[in-house]
Amino acid sequence: MMKTICFFLLFISVIRASERVNFEWEPTRQQVPNDWQLIGPSEPQQKIRLTFAVRQQNTDKLLQVFNEVSDPKNPNYGRHWTNEKIHELLAPSQKDLHMLTSYIRSFNATPIAKTPNSDFLEVLTTIEIAERLLQTKYYTFHHKTQKTMSVNRAPFSPYSLPAFLSKSVDFVSPTIRFPPIKTFPILKSNSTSKIGINTPTRLRSLYSVNNVVGSSSLNSQAVTAFLGQFYSEADENQFFQQFFPQSTGQTLTLKGDAPTGTPPGVEAMLDAEYIVSLGASIHTEFWGFSG
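The shown structure was predicted, so the numbers you read here are calculated from the model rather than taken from an experiment. (Residues numbered from 1 in each chain as written. Predicted model: local features only at pLDDT ≥ 70, side-chain atom pairs only at ≥ 80, totals over all residues. Heavy atoms only, no water.)

A few points about the environment of lysine 61
Along the chain, lysine 61 falls in helix α2 (residues 59–70). The class of lysine 61 is partly exposed, set by a relative accessible area of 33%. The spatial distance from the C-alpha of lysine 61 to the C-alpha of leucine 89 is 8.2 Å, given a sequence separation of 28 residues. (Helix = DSSP H or I, 4+ residues; strand = E, 2+ residues; numbered from the N terminus. Buried < 20%, exposed > 50% of the residue type's maximum accessible area, 1.4 Å probe, protein only.)

Structure, rendered in structure tokens:
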């Protein structure tokens, strides 16, 4: 028993003292967007939820499968894989998972798998432990116009992990990147300019859809979203009321293991809003996945 404890303590001291590798660091890049105001260092005991993207395996094989099932001339055309089979193909190596989880646990933090194959691990911890774990410094920022929006980020110095994890992890979040804030531009109703944003009406005219809407019950269309790109019915109706009132109230069928959450995803909502605007009155599904 004593030998086991001594070995564990030695292991912890080695992984903490090993050479480290910086992630996602570009010294010449502007680190803080103009919309965010620095408040000061983050409170050490404030909670933060870290997500570790663990390196997937067999991504080249996935591309091969994609090309085969998409090519009408290929014998595997249309033989789409199940979500479970794809997760199994892309699953990180057990060695990578073991090294990463052991490192996280050495700081008395608990990693939780957020996807079926554990390619994303989540750790709920404090700012103090996150700074030690990533060897960086977190600061609190407030959004200049969205006054209730506050985030903790580490944009002034690189975050790092031990060198032996450099090929096991793709990135850790939240660290240097700031969330985009969704805003709607205000259009003048009497504007005659041909230069402007791509509204549904403009795109319908551009692609000669004009006033046509779906009429067959056999028609269907779908949007896919991943990693926190959530759907919001309220946001979609707000968009329709301003830009395409004809679709106000049209509901989407929600699928997948994580279609909704907070905050709504900017990319996902734009996809959902425009597919419904251009394919009005067509049955639409929103597939949201945590991985």
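Some remarks on the sheet that holds strand β9 (residues 169–173)
The strand order across the open sheet built from four strands is β4-β5-β3-β9, with neighbouring strands paired in antiparallel fashion. This sheet does not close on itself; its edge strands, each paired only once, are β4 (111–113) and β9. Here the average twist between neighbouring strands, direction ignored, is 25 degrees. In this structure, strand β3 (residues 47–54) lies alongside β9, joined through four bridges in antiparallel fashion. Its bridge partner lying in β9, valine 54 is registered against valine 169. In this fold helix α5 (residues 127–134) packs onto β3, β5 (120–126) and β9, with an angle of close to 125 degrees to the strand it touches most, β5. (Pairing = 2+ DSSP bridges. Axes fitted to C-alpha atoms, helices over the stretch in contact; angles between N-to-C directions. Contact = heavy atoms within 4.5 Å.)

Topic: the packing of aromatic side chains
Scanning the entire structure with this criterion turns up 13 aromatic pairs. Taking the centre distance of 5.8 Å and the plane angle of 15 degrees together, the rings of phenylalanine 23 and tyrosine 159 count as stacked. Note that phenylalanine 23 is positioned in strand β1 (residues 20–23) and tyrosine 159 in strand β8 (residues 159–162), a separation of 136 residues in sequence. Considered together, phenylalanine 23 and tyrosine 159 belong to a single accessibility category, that of buried residues. With a centroid separation of 5.1 Å and an interplanar angle of 50 degrees, the aromatic rings of phenylalanine 239 and phenylalanine 243 are classed as tilted. Of this pair, phenylalanine 239 and phenylalanine 243 both sit in helix α7 (residues 233–243), four residues apart, which is roughly one turn of the helix. Overall, phenylalanine 239 belongs to the buried group, its relative accessible area being 2%. Just above the ring of tryptophan 81 sits the side chain of lysine 85; from NZ or CZ to the centre is 4.2 Å. (Phe/Tyr/Trp six-rings, centres within 6.5 Å; stacked < 30°, edge-to-face > 60°. Lys NZ or Arg CZ within 6 Å of the ring centre and 35° of its normal.)

Section: α5
The buried fraction of α5 is high, at six of eight residues. For α5, the full list of buried residues reads Ile127, Ile129, Ala130, Glu131, Leu133 and Leu134. Downstream of α5 by a residue or two, glutamine 135 has a phi angle that is positive, lying close to 55 degrees.

Notes on the pairing of β5
Of all seven residues in β5, six are buried, a share of seventy percent or more. Direction of pairing for β3 relative to β5: antiparallel, over a ladder of seven bridges. Bridging across to β5, alanine 53 finds its partner in phenylalanine 120. With three bridges joining them, β4 and β5 adopt antiparallel strand pairing. Counterpart to alanine 113 in the pairing with β5 is leucine 121. Count of turn residues in the β4/β5 antiparallel hairpin: six residues, of which serine 118 carries a positive phi of about 65 degrees.

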